[in-house]
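# Coordinates in review
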Amino acid sequence: QVQLVESGGGLVQPGGSLRLSCAASGSIIDINVMGWYRQAPGKERELVAIVTRGYSPNYADSVKGRFTISRDNAKMVYLQMNSLNPEDTAVYYCKARILTALGTSGDFWGRGTQVTVSS
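These remarks concern the structure in this document. (Residues numbered from 1 in each chain as written. Predicted model: local features only at pLDDT ≥ 70, side-chain atom pairs only at ≥ 80, totals over all residues. Heavy atoms only, no water.)

## What to know about the environment of Ser70
Which entries qualify depends on this criterion: To qualify as a helix, a DSSP run of H or I must reach at least 4 residues; to qualify as a strand, a run of E must reach at least 2; elements of each kind are numbered from the N terminus. Note on definitions: a residue-residue contact is assigned when non-hydrogen atoms from the two residues lie within 4.5 Å.
Mapped onto the elements of the fold, Ser70 is located in strand 7 (residues 67–73). In this structure the C-alpha to C-alpha distance between Ser70 and Gln80, which are ten residues apart in sequence, comes to 8.2 Å. Once residues lying within four places of it in the same chain are set aside, the contact partners of Ser70 are Met76, Val77 and Tyr78.

## A look at the packing of aromatic side chains
Each aromatic ring pair is specified by the distance between its two centres and by the angle formed by the two planes. Put simply, the test is: Stacked, edge-to-face and tilted labels apply to pairs of Phe, Tyr and Trp rings (six-membered ring for Trp) whose centres lie within 6.5 Å, assigned for plane angles under 30 degrees, over 60, and everything in between, in that order. The buried label goes to any residue with under 20% of its type's maximum accessible area, the exposed label to any with over 50%, and the partly exposed label to all in between, with areas taken from a 1.4 Å probe on protein chains only. Consider the ring centre and the ring normal. A charge sits over the ring if Lys NZ or Arg CZ is within 6 Å of that centre and within 35 degrees of that normal.
Enumeration over the complete set of coordinates arrives at two aromatic pairs. For the pair Tyr93 and Trp109, a centre-to-centre distance of 6.4 Å together with 85° between the ring planes defines the contact as edge-to-face. With Tyr93 in strand 9 (residues 90–100) and Trp109 in strand 10 (residues 105–109), the pair connects residues that are 16 residues apart, well separated along the chain. Given the relative accessible area of 13%, Tyr93 is considered buried. The class for Trp109 is partly exposed, based on a relative accessible area of 36%. Among the aromatic residues, those joined into a cluster by ring pairs are Tyr37, Tyr93 and Trp109. When the ring centre of Tyr78 is taken as origin, the NZ or CZ atom of Arg19, which lies over that ring, is 4.0 Å away. Stacked on the ring of Trp109, the Lys or Arg Arg45 has its end atom at 4.6 Å from the ring centre.

## With respect to the side chain of Ser21
For Ser21, the position within the fold is in strand 3 (residues 18–26). Setting aside anything within four residues of it in sequence, one finds Ser21 in contact with Val5, Glu6, Ser7, Trp36, Met76, Val77 and Tyr78.

## Here's the deal with the environment of Asp107
On the secondary structure map, Asp107 appears in strand 10. Overall, Asp107 belongs to the partly exposed group, its relative accessible area being 36%. It is 9.4 Å that separates the C-alpha atoms of Asp107 and Met34, two residues lying 73 residues apart in sequence. Other than its neighbours up to four places away in sequence, Asp107 contacts Lys95, Ala96 and Arg97.

## Looking at the state of the cysteines
Rules: Criterion for a disulfide: a pair of cysteine sulfur atoms within 2.5 Å.
Within this structure, the stated rule accounts for one disulfide. A sulfur-sulfur distance of 2.1 Å marks the disulfide that ties Cys22 to Cys94. On the sign convention where negative means left-handed, the S-S torsion of about -80° between Cys22 and Cys94 marks this disulfide as left-handed. Of this pair, Cys22 sits in strand 3 while Cys94 sits in strand 9, and the two are 72 residues apart along the sequence. The residues Cys22 and Cys94 share a single accessibility class, namely buried.

## Topic: the nonpolar core
Rules: Nonpolar cores were defined as sets of buried Ala, Val, Leu, Ile, Met, Phe, Trp, Tyr and Cys residues, with membership established by side-chain atoms within 4.5 Å.
Trp36, Val48, Phe67, Val77, Leu79, Met81 and Tyr92 are the most contacted members of the largest nonpolar core, which totals 30 residues. The set of elements that each furnish at least two residues to this core consists of strand 1 (2–7), strand 3, strand 4 (28–39), strand 5 (46–52), strand 7, strand 8 (76–81), strand 9 and strand 11 (113–117). Of the residues forming this core, the biggest block, five residues, is contributed by strand 9. Contact partners of Met81, with chain neighbours within four places excluded, come to Gly16, Ser17, Leu18, Leu20, Arg66, Phe67, Tyr92 and Val115.

See the structure below:
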């Protein structure tokens, strides 16, 4: 069993900051790619930021200069979000490409964490 669990969402005022965390657990051999996606009401899920081992992170244009993705060990990924605005309101999902102990590789998703930016 492989699980991704997000945390750190909440309500924040415009201009504020939040830090999201995602922890992977289970029968994991390796995680090559970890990323954050978001889905706002009535909109499709979109890529926010992604980090692949050995490469520089990639960001959506709408968050460049405000959000920072980082990994501090093999199974954790973070998203530091600064200068938040109401357009950042969405459910944020963690996604990882995982090689499991069964020898299979695939994309796994967390259940999401709500971020609401409002005064």
